[in-house]
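The lines below spell out each chain.
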Amino acid sequence: MKGDSNEQLLLKALANNDSKAAETIYKDNFNMVLAFIINNNGTYDEARDIFQEAMITLYQKAKSESFVLTSQLKTYIYSVSRRLWLKRLQQLGKTTNGVENFDSVVVDDDIEIHERRDAELGIMHRALNSLGEPCKSLLEAFYIEKKSMDKIALLFGYTNADNAKNQKYKCLMRLKKLFFSQYNIGE
């Protein structure tokens, strides 16, 4: 899968020192790198440093005539950031949550894994959008907005948190069914 034309234009703009391109890439990707680093024994400042190094790598690649983006831009940035972070952890003698043998981490493998994950997330997004209300909003309130069941019961008019939890479960089963029906037909 090649990067889409918007991403190719973004890379060209970055190579031409366009600050708006750099800002766009930052806004679209920093939180993903931050979450990865925080979840793997890092801090906000370390995430900023790693993201900056990844941006420098991307800039240098974008300047190269031979560079072809073969994945989504976010996949590439994530993979570069991940590799940089794992190397940094190895140098510092820190450990991560279940990641071993840093030297064997290959960026191409990461890209393939993340392309598959991107495709699965696309299917999940379509399934969630076709789920309908109130299920879509209820699941977003719980999983994305991290609201408690008591708060969800109040917001959605359920008599108590247990009723809200039962409805969340039913919605989750509907979402799962939609996801797997689309996943199994390869959409």
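In this report, we go over the structure that sits alongside the text. (Residues numbered from 1 in each chain as written. Predicted model: local features only at pLDDT ≥ 70, side-chain atom pairs only at ≥ 80, totals over all residues. Heavy atoms only, no water.)

With an omega dihedral of 0 degrees, the bond running from Glu133 to Pro134 counts as a cis peptide bond. When you line up the elements, Pro134 lands in the loop between helix H5 (107–131) and helix H6 (135–144). One non-glycine residue with positive phi stands out, namely Asn41, at about 65 degrees. Along the polypeptide, Asn41 turns up in the loop between helix H2 (19–38) and helix H3 (44–63). (Helix = DSSP H or I, 4+ residues; strand = E, 2+ residues; numbered from the N terminus.)

In this section: a nonpolar patch on the surface. A contiguous nonpolar patch, built from Tyr26, Ile38 and Tyr44 and spanning about 290 Å² of accessible area, is present on the exposed surface. Position of Tyr26 relative to the elements: it lies in helix H2. When its relative accessible area of 37% is taken as the criterion, Tyr26 is described as partly exposed. (Patch = residues over 30% accessible without salt bridge, like charges linked within 9 Å, V, L, I, M, F, W, Y side chains within 5 Å. Areas by Shrake-Rupley, 256 points an atom, 1.4 Å probe, with all protein chains shown as cover. Salt bridge = Lys/Arg side-chain N within 4 Å of Asp/Glu carboxyl O. Buried < 20%, exposed > 50% of the residue type's maximum accessible area, 1.4 Å probe, protein only.)

A few words on the state of the cysteines. Applying the stated rule across the entire model yields one disulfide. There is a disulfide in this structure between Cys135 and Cys171, and the S-S distance comes to 2.1 Å. Because the torsion about its S-S bond is -70 degrees, the bridge between Cys135 and Cys171 counts as left-handed. Highlighted residues: Cys135 in helix H6 and Cys171 in helix H8 (residues 161–184), separated in sequence by 36 residues. (Disulfide = S-S within 2.5 Å.)

This part covers the nonpolar core. As a rule of thumb, nonpolar side chains are buried together in soluble globular proteins. Residues Ile25, Ile37, Leu58, Leu73 and Ile77 are the most contacted members of the largest nonpolar core, which totals 27 residues. Looking at this core, the elements with two or more residues in it are helix H1 (5–15), H2, H3 and helix H4 (73–92). With sequence-adjacent residues up to four places away left out, Ile37 is seen in contact with Gly42, Thr43, Glu46, Ala47, Ile50 and Trp85. With nine residues, the next largest nonpolar core counts Ala127, Leu128, Leu139 and Leu175 among its residues. (Core = buried A, V, L, I, M, F, W, Y, C linked by side-chain atoms within 4.5 Å. Contact = heavy atoms within 4.5 Å.)

Tracing the sequence through the fold places Lys12 in helix H1. Sequence separation of Lys12 and Lys63 is 51 residues, and the distance between their C-alpha atoms is 7.9 Å.

Turning our eyes to something else, we now look at H2. Spanning 20 residues, H2 covers 27 Å between terminal C-alpha atoms, matching the ideal 28 Å at 1.5 Å per step. For H2, the principal kink sits at Asn29 and spans about 45 degrees. When we look at burial in H2, the residues that qualify are Ala21, Ile25, Asn29, Phe30, Val33, Leu34, Phe36 and Ile37. On its buried face, H2 sits against H1, H3 and H4. Sitting at the head of H2, Asp18 places a side-chain oxygen 2.8 Å from the backbone nitrogen of Lys20. (Expected span 1.5 Å × (residues − 1). Bend = angle between axes of the 7 residues up to and from the residue. Polar contact = N/O pair within 3.5 Å; in protein donor to acceptor, adjacent residues only side chain to side chain.)

To continue, consider the environment of Ala161. Residue position: Ala161 is located in helix H8. Looking at Ala161, the relative accessible area reads 18%, which means it is buried. Once the C-alpha coordinates of Ala161 and Met149 are considered, the two residues, 12 residues apart in sequence, prove to be 5.0 Å apart. Ala161 has contacts with Met149, Asp150 and Ala153, leaving out every residue within four places of it along the chain.

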